[in-house]
Structures are given as C-alpha cells and as structure tokens.
Amino acid sequence: MNRVIGEYIGTVGGPLLIIFGAMHGNEPAGVRAIDLTLKMLEVEPIKNPSFEYKGVMLGLIGNVAAYKRKDRFINRDLNRCWTKQNIDGLTKKEKLNEEEVELRELNEIVRKSIIKHQPSEVVFLDLHTTSSDGGIFSIVGDDERSLEIAREIYAPVVLGMLEGLRGTTLHYFTAANLNYKASAITFESGQHEDPLSVNRAVAAIINCMRTIASVKDTDVENQHDSILQQYSQNLPEVARLLYKHNIEIGDDFRMSPGYHNFQKVENGEVLAKDINGDIKSKSDGMILMPLYQKKGEDGFFIIKDE
Ligand SMILES: [Zn+2]
C-alpha cells in the first residue's frame, strides 16, 4: 500500500498543505476525505475554467501498517511518537519497529516535499475521528496562525490539549522543528464509523484551503460551511482543557456508557470505573473523547467554555 494518497500541484506557487489521514490506523475517514478532495480538485478546472489553485496539497496515510490491519497502532500510538528525541534517535537504531518505520518515512516525505516546493508556508492538517459520537472539534498549538486557520474551519477549537499530551503531530510539525514557516491543526470529524465523518473532513480541508488562500472564496461552495456550522450548533466556539484522565497499564478502565463529546458533566459525577473503583469528574465542565475502544492512554478529557 502506498503512503502517498496523492499530490495536487497548483498552477501558481503558494502554501504547501500536508494532510494526514489514519495517523491512527482505525480511523479511515481522513483517508477517504483526502482521496475525495483530490478527485474534486482534478475535475474542478473542467467544471470551472477560471479555477486556480495556489501551492500544493499532499495527502498522506499516517500509520500504513496499522491502517492495513484496521487497528489504532501496532506497537505504539504513532500520534504519541512525534518527539525530536525519537526522530533524531532513529538514525542510530539498527532495527526499527513498525511505528518507527512510519515515523522515519513520514518525516522524510514531509522534509523532501518542503525542499522540492519551497512553499510560502507549510500547513499541516491531521485528520482524526473519535470512538465516541457527538461533536467535531479542532486542536491547535498556541501559535496565532494555527488558531486562525482552525477558527475558520467552523468547528469548536479546544485549547490547552497539547499540555496534557506528548509526541503528537502538533508537537512536532512546528516552525522551530522544521526551520520553516509552519502551522498545524488536528481536526476530529466525528465518530470512526459515521459516514458523515468523511463529509465533515472534506469540508474542513476545503475551509482550510480557503483560509490559506490556495483556493478563492468564490470558488468554494458554502455547503462546506453549513455542514460544519450545523454540526457545531450549540457547541462552544473556543474551549479549554481543564484536565484529562490518564490510563495506567493494568487499570482495567471502563468508561460509563452513553457519554458523547461536549456532553455536560458535573463535579463528582461517576464517569468511569477501574481497578481502584469509581472515577469521578473533578469539576463541572464538558467531556471530550470518552474512550470506548480498547487501545488508548487517555480515558477522557474535561474541558470548559472559554
Ligand atoms: Zn486519532
């Protein structure tokens, strides 16, 4: 299986938009969305002769080995491996495990692509889905450009998530690490198996292309806005992480049934159980990414409206 889903090269220079799908192998919606977007870009100039694309879009599968097996990861969560230390260490290792091979290949493709295209800026869009239902959202680092692009996706932006995590694509694909003007956004488009998660990911890609001026406002159909705005109705525009529940090995974590993204929770509410008994919410707020799958280190996140 090929890691490169496709590359679309515009007629004029501009930004390089690198989109990852299936950084978690059990999340195929992003790969489908990238594929569909590339097909739309191919036919657009025929439908609309004045269509012009500035820059390059590159669509990549994140964890190819895990994607083939429809599993979140093989050895380690690839979206917790993106540290400079890890990546610099790969050259010294004799034998790489599956995720280390993925890391090395992705990093090489990204860096070669920047050198090849010399873009005006690099923008990373990392597409994910969640095991629970009920809400789409973006995660960004604390740089202004990423926040600006995320806001224009028209889904809630959750701030502070990177403080509770380590080694995500957002931590690694920064201007400092790449020595290039770069921003990065993670977009969660809904539940893993919901077919509409694909449509919402396509809408996020198109909105992102518009914000970075790869496509003109007038060339974008506003259905993309309405798909996301409708789904984000009653959700906060910007929220912030209060805390997350870490799962330790052997915890036997079991999320209480029925929770969905952005559901309100109260201080003291029993959210899950593990070997130590009830796990209660430590504050009022909203729950994000309650874990309803076997693999994962984060039981749930509690956020509040900004
Ligand atoms: Zn994911």
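Residues numbered from 1 in each chain as written. Predicted model: local features only at pLDDT ≥ 70, side-chain atom pairs only at ≥ 80, totals over all residues. Heavy atoms only, no water.

**Structural notes on the packing of aromatic side chains**
So, point 1. According to the stated counting rule, one finds 8 aromatic pairs in the structure shown.
So, point 2. For the pair Tyr-8 and Tyr-53, a centre-to-centre distance of 5.4 Å together with 80 degrees between the ring planes defines the contact as edge-to-face. Placement of the pair is Tyr-8 in strand E1 (residues 4-9) and Tyr-53 in the loop between helix H1 (29-47) and strand E3 (54-61), with a sequence separation of 45 residues.
So, point 3. A residue is classified by how much of its surface remains accessible, and Tyr-8, at 11% relative accessible area, is buried.
So, point 4. Relative to Phe-173, the ring of Trp-82 lies with its centre 4.9 Å away and its plane at 50 degrees, an arrangement referred to as tilted. Of this pair, Trp-82 sits in the loop between helix H2 (64-69) and helix H3 (84-89) while Phe-173 sits in the loop between helix H6 (169-172) and helix H7 (175-178); the two residues are 91 residues apart in sequence, bridging distant segments of the chain. You'll find Trp-82 and Phe-173 in the same group, each marked buried.
So, point 5. Among the aromatic residues, ring-to-ring pairing joins Phe-20, Trp-82, Phe-124, Tyr-172 and Phe-173 into one connected group. (Phe/Tyr/Trp six-rings, centres within 6.5 Å; stacked < 30°, edge-to-face > 60°. Helix = DSSP H or I, 4+ residues; strand = E, 2+ residues; numbered from the N terminus. Buried < 20%, exposed > 50% of the residue type's maximum accessible area, 1.4 Å probe, protein only.)

**Some thoughts on the pairing of E3**
So, point 1. For E3, the buried fraction is high: 7 of the 8 residues fall into the buried class.
So, point 2. Strand direction decides the pairing type here: E1 and E3, joined by 5 bridges, are antiparallel. If you follow Val-4 over to E3, its bridge partner there is Leu-60.
So, point 3. Here 7 bridges tie strand E2 (residues 12-21) to E3, and the two strands are oriented parallel to one another. What sits directly across from Phe-20, in E3, is Leu-60.
So, point 4. Chirality of the crossover, the property in question, places the unit of E2, H1 and E3 among those that are right-handed. (Pairing = 2+ DSSP bridges. Right-handed = clockwise from strand over helix to strand, strands pointing away.)

**Thoughts on the coordination of the zinc ion**
So, point 1. For the zinc ion, the protein coordination sphere consists of His-24 (ND1), Glu-27 (OE), Glu-27 (OE) and His-128 (ND1), at 2.0 to 2.4 Å.
So, point 2. If you look at the zinc ion, its 4 donor atoms make angles of 55 to 143 degrees with each other, and the shape they trace is irregular.
So, point 3. Written as a sequence motif, the donor residues of the zinc ion are H-x2-E-x100-H. Placement of the pair is His-24 in the loop between E2 and H1 and His-128 in strand E4 (residues 122-130), with a sequence separation of 104 residues. (Donors = N, O, S within 2.8 Å, 3.2 Å for Na, K, Ca; no water. Tetrahedral: all angles 85-135°; square planar, octahedral: opposite > 155°, others 65-115°.)

**What about the pairing of E2?**
So, point 1. Burial analysis of E2 places 8 of its 10 residues in the buried class, the great majority of the element.
So, point 2. Pairing of E2 with E4, which is carried by 5 bridges, proceeds in the parallel orientation. Paired with Leu-17 across the two strands is Val-123, which belongs to E4.

**Some details on empty space enclosed by the protein**
So, point 1. Scanning the model with the defined rule gives 1 cavity of 30 Å³ or more in all.
So, point 2. Residue assignment for the lining of the largest cavity shows that the elements contributing at least two residues are E4, strand E7 (182-191) and strand E14 (298-305).
So, point 3. The element that contributes the greatest number of residues to the lining of the largest cavity is E4, accounting for 3 residues.
So, point 4. Per-class residue counts for the lining of the largest cavity are 8 nonpolar, 12 polar and 7 charged.
So, point 5. Here the lining of the largest cavity spans two domains, and each of domain 1 (4-232) and domain 2 (238-305) adds at least three residues to it. (1 Å grid on protein atoms, 1.4 Å probe; cavity = no way out; pocket = protein on both sides within 12 Å on 5 of 7 lines; lining within 4 Å. Points joined across faces, edges and corners; volume = space filled by probe spheres on them. Nonpolar A, V, L, I, M, F, W, Y, C, P; charged D, E, K, R; others polar. Domains from an automatic or database assignment.)

**Thoughts on the layout of surface pockets**
So, point 1. The volume enclosed by the largest pocket comes to roughly 280 Å³.
So, point 2. Taken together, the residues of the lining of the largest pocket sort by class into 5 nonpolar, 3 polar and 6 charged.
So, point 3. Of the voids in this model, the second largest pocket is the one considered here, and its volume is about 240 Å³.
So, point 4. Lining the second largest pocket are 13 residues; nearest its centre among them are Met-40, Glu-44, Ile-206, Asp-219 and His-224.
So, point 5. When contributions to the lining of the second largest pocket are tallied by element, the ones reaching two or more residues are H1, helix H8 (196-211) and helix H9 (223-232).
So, point 6. In terms of residue count, H1 provides more of the lining of the second largest pocket than any other element does, 4 residues in total.

**A word on the domain arrangement of the protein**
So, point 1. Taken domain by domain, the protein holds domain 1 (4-232) and domain 2 (238-305).
So, point 2. Just the C-alpha atoms count here: the centres of domain 1 and domain 2 sit 26 Å apart.
So, point 3. With 26 residues of domain 1 at the interface, the matching set in domain 2 holds 21 residues.
So, point 4. Taking both partners together, domain 1 and domain 2 bury about 1900 Å²; carbon and sulfur atoms supply 58% of that area.
So, point 5. When the shortest N-O distance is used, the salt bridge between Arg-80 and Asp-298 registers 2.8 Å. (Contact = heavy atoms within 4.5 Å. Buried area = accessible area lost by both parts, 1.4 Å probe. Salt bridge = Lys/Arg side-chain N within 4 Å of Asp/Glu carboxyl O.)

**So, the pattern of salt bridges**
So, point 1. A full pass over the atoms with the stated rule returns 22 salt bridges.
So, point 2. Across the salt bridge formed by Glu-7 and Lys-116, the nearest N and O atoms sit 3.5 Å from each other. Placement of the pair is Glu-7 in strand E1 and Lys-116 in helix H4 (residues 98-117), with a sequence separation of 109 residues.
So, point 3. The partner of Glu-306 in a salt bridge is Arg-240, and the shortest N-O contact between them spans 2.9 Å. Taken together, the residues span a long stretch of sequence, with Glu-306 in the segment after E14 and Arg-240 in strand E8 (residues 238-246) at a distance of 66 residues.
So, point 4. Its relative accessible area of 52% is what places Glu-306 among the exposed residues.
So, point 5. For Arg-240, a relative accessible area of 30% puts it in the partly exposed group.

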